[in-house]
Amino acid sequence: MITTNTISKIKELAYTDSRENGAPSIFQIDYATEVATRLADLLGADKRIVQAGAYLMDCALGTAYRQGKLNQHVAMSHKKAEDFLNSVTDVTESEKGSTLNCVLEHHGVPKFSSLESEVVCNADCYKFLSIKGIVGGIAHMRDMEVDQLVQIFATKADEKWKALSLDICKKELGGQYDSVKKFLGSYTGK
Ligand SMILES: [Fe+2]
């Protein structure tokens with residue numbers, strides 16, 4: 001079974017890529033994992049799998065961004081997560097498979113392989129659809145022009161609204177999505 005100690009190591013793996021490459025921010029990693037944990041409690045999903053998946057879903061995003069391979073960040077994060085999970089002894093084959101599926105499916109799929117995978121995908125959406133995600137995300141983003149940053153957040157908001165699948169999340173975020181669109185739209189004048 002995944003231990004607390006392994007969750008701490010997984011968190012450090014995600015933090016290290018963030019510190020070295022600047023994305024996603026520590027704020028975004030922590031926020032998505034906090035939401036994923038809350039949703040797991042509410043919906044009865046396996047909390048350890050959800051936390052491992054949330055920390056690992058973008059664990060190579062910063063590296064991919066720096067190498068100009070942003071569109072490969074899911075595959076790169078999956079490989080890095082797989083290498084890590086193969087290096088520890090307390091994770092069962094079943095837990096390994098479930099966690100890696102969370103990484104692979106975190107941008108949304110027509111049919112999720114598990115509730116845990118769906119929870120991780122939906123939690124990721126909060127980074128771009130909630131007021132807390134937007135304000136915290138902008139405040140902690142490094143090395144980016146403001147115009148470009150606003151454009152990315154506006155595009156991501158639409159993309160993540162489409163990926164959102166859980167009713168509870170649509171209910172929590174519907175009004176905030178509208179506010180985010182108005183707020184970012186006012187900046188760009190669109
Ligand atoms: Fe991602």
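In case you missed it, the structure is sitting above this.
These remarks concern the structure in this document. (Residues numbered from 1 in each chain as written. Predicted model: local features only at pLDDT ≥ 70, side-chain atom pairs only at ≥ 80, totals over all residues.)

## A short note on the overall build of the protein
And step 1. Looking only at helices and strands, one finds 10 helices and 0 strands in the protein.
And step 2. Secondary structure elements in the protein, listed N-terminal to C-terminal, are α-α-α-α-α-α-α-α-α-α.
And step 3. Since a compact globule built from 190 residues should have a radius of gyration of about 16 Å, the 16 Å found for the protein is in line with a globular shape.
And step 4. For the protein, the spread of C-alpha atoms along the three principal axes comes to 55 × 35 × 25 Å.
And step 5. Relative to its 190 residues, the protein shows a buried fraction of 39%.
And step 6. Of all intrachain contacts in the protein linking residues separated by at least 6 positions in sequence, the fraction that spans at least 24 positions is 65%. (Helix = DSSP H or I, 4+ residues; strand = E, 2+ residues; numbered from the N terminus. Rg over C-alpha atoms; globule rule 2.2 N^0.38 Å. Buried ≥ 20, exposed ≤ 12 C-beta atoms within 10 Å, placed from the backbone. Contact = placed C-beta atoms within 7 Å.)

## Considerations on the packing of helix H2 (residues 26-43) against helix H3 (residues 47-56)
And step 1. One way to put it is that H2 packs onto H3 with a least axis distance of 9 Å and a crossing angle of 160°. Of the possible angle classes, the one that applies to H2 and H3 is roughly antiparallel. At the point where H2 passes H3, the crossing takes the right-handed sense. Seen from H2, the contacting residues are Ile29, Ala32, Thr33, Ala36, Thr37, Ala40 and Asp41; seen from H3, they are Lys47, Val50, Gln51, Ala54 and Tyr55.
And step 2. Counted by class, the contact of H2 with H3 contains 7 nonpolar, 3 polar and 2 charged residues. (Axes fitted to C-alpha atoms, helices over the stretch in contact; angles between N-to-C directions. Parallel < 35°, antiparallel > 145°, perpendicular 65-115°, else oblique. Left-handed = near helix turned anticlockwise from the far one by under 90°. Nonpolar A, V, L, I, M, F, W, Y, C, P; charged D, E, K, R; others polar.)

## Some details on the packing of helix H5 (residues 73-87) against helix H6 (residues 93-104)
And step 1. Between H5 and H6, the least distance of the axes is 9 Å, while the angle of their chain directions is 160°. When the axis of H5 is compared with that of H6, the two are roughly antiparallel. For the pair H5 and H6, the sense of crossing is right-handed. Between H5 and H6, the residues in contact are Val74, Ser77, His78, Ala81, Glu82 and Leu85 and Lys96, Thr99, Leu100, Val103 and Leu104, respectively.

## Quick notes on the nonpolar core
And step 1. Counting 46 residues, the largest nonpolar core has Ala36, Leu56, Val120 and Ala123 as its most contacted members.
And step 2. It is helix H7 (residues 115-129) that provides the largest number of residues to this core, a total of 8 residues.
And step 3. Not counting chain neighbours up to four residues away, the residues in contact with Leu56 comprise Ile10, Ala14, Ser77, Ala81, Thr99 and Val103. (Core = buried A, V, L, I, M, F, W, Y, C linked by C-beta atoms within 7 Å.)

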